[in-house]
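One letter stands for each residue in the lines below.
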Amino acid sequence: MQRRGYIYWAELEQRRPALVVSVDARNERASDVLVIPCSTTLREAPTHVPLMRGEGGLPRDSVLKCEQITTVQTHMIDSVPLGLPIRPARMAAVERAVLRAIGIPIR
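As a starting point, this report considers the structure included with it. Along every chain, residues carry numbers that run from 1 in the direction the sequence is written. Reporting of local features is limited, given that this is a predicted model, to residues whose pLDDT is at least 70; pairs of side-chain atoms are given and counted only at 80 or more, and all residues count toward the totals for whole chains, interfaces and linings. Excluded from the side-chain calculation are hydrogens and water; included are all heavy atoms of the structure.

Considering the overall build of the protein chain
A tally of regular secondary structure across the protein chain gives 2 helices and 6 strands. Start at the N end of the protein chain and walk to the C end: the helices and strands fall as β-β-α-β-β-β-β-α. Taking 2.2 N^0.38 as the reference for a compact globule, 107 residues should give roughly 13 Å; the C-alpha atoms of the protein chain span a radius of gyration of 13 Å, in line with that estimate. Expressed as lengths along the three principal axes of its C-alpha atoms, the size of the protein chain is roughly 35 × 30 × 25 Å. Within the protein chain, buried positions represent 39% of all 107 residues. A fraction of 55% describes how many contacts in the protein chain between residues 6 or more apart in sequence connect residues 24 or more apart. Total accessible area on the protein chain is roughly 6,200 Å²; 53% of this is exposed by carbon and sulfur atoms. One way to put it: in the protein chain the 15 positive side-chain charges average out to a point 5 Å from where the 11 negative ones average out. A helix here means a DSSP run of H or I that spans at least four residues, while a strand means a run of E at least two residues long, and both kinds are numbered starting from the N terminus. C-alpha atoms define the radius of gyration, and 2.2 Å times the number of residues to the power 0.38 defines the globule rule. The classification of residues rests on relative accessible area computed with a 1.4 Å probe and restricted to protein chains. Under 20% of the type maximum is buried, over 50% is exposed, and intermediate values are partly exposed. Contacts: residue pairs with any heavy atoms within 4.5 Å of one another. For every accessible area listed, the method is Shrake-Rupley and the probe measures 1.4 Å; residues are considered covered only by the protein chains on display. Lys and Arg are tallied as positive, Asp and Glu as negative. Neither His nor the chain termini are counted. Where a charge sits is defined by one atom per residue type, namely NZ (Lys), CZ (Arg), CG (Asp) or CD (Glu).

See the structure below:
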């Protein structure tokens, strides 16, 4: 089972790391998970959250593109995470960026 807060390799438009953001209770029962894709194209944006190499097991500096939140079938995502979960403060930044992406004002 894929777990919230961990980064996995996923088959999106191409194979890339993705952060699981759906809650574990859903991840246990559903045939898909909610993810945010990572990119190594490091552009600043209010909906992007930067991650340094090694964070969550990432092989390179990356950015989470929170405006691209999507679902992935569980068979299209690895079952073993790249590393440890991202830090709670970083997860909170991801949650704020998702809210910005759907138009909810965030300070």
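Now that the structure has been shown, we can carry on.
With respect to the pairing of strand E5 (residues 62-65)
By the alternation rule, side chains of E5 split into Ser62 and Leu64 and Val63 and Lys65, which are all buried. Here a strand pair is declared whenever DSSP counts at least two bridges between the two strands. In this structure, strand E3 (residues 32-39) lies alongside E5, joined through 2 bridges in antiparallel fashion. Across the sheet, the residue bridging to Cys38 is Leu64, located in E5. The pairing of strand E4 (residues 48-51) with E5 spans 4 bridges and is classified as antiparallel. When the bridges of E5 are listed, Val49 appears paired with Leu64.

Side note on the pattern of salt bridges
For this analysis, a salt bridge means a side-chain nitrogen from Lys or Arg found within 4 Å of a carboxyl oxygen belonging to Asp or Glu. Scanning the entire structure with this criterion turns up 9 salt bridges. For Arg26, the salt bridge goes to Asp32, with nearest N and O atoms at 2.8 Å. Taken together, the shared-partner salt bridges in this structure form one network comprising Glu11, Arg15 and Asp78.

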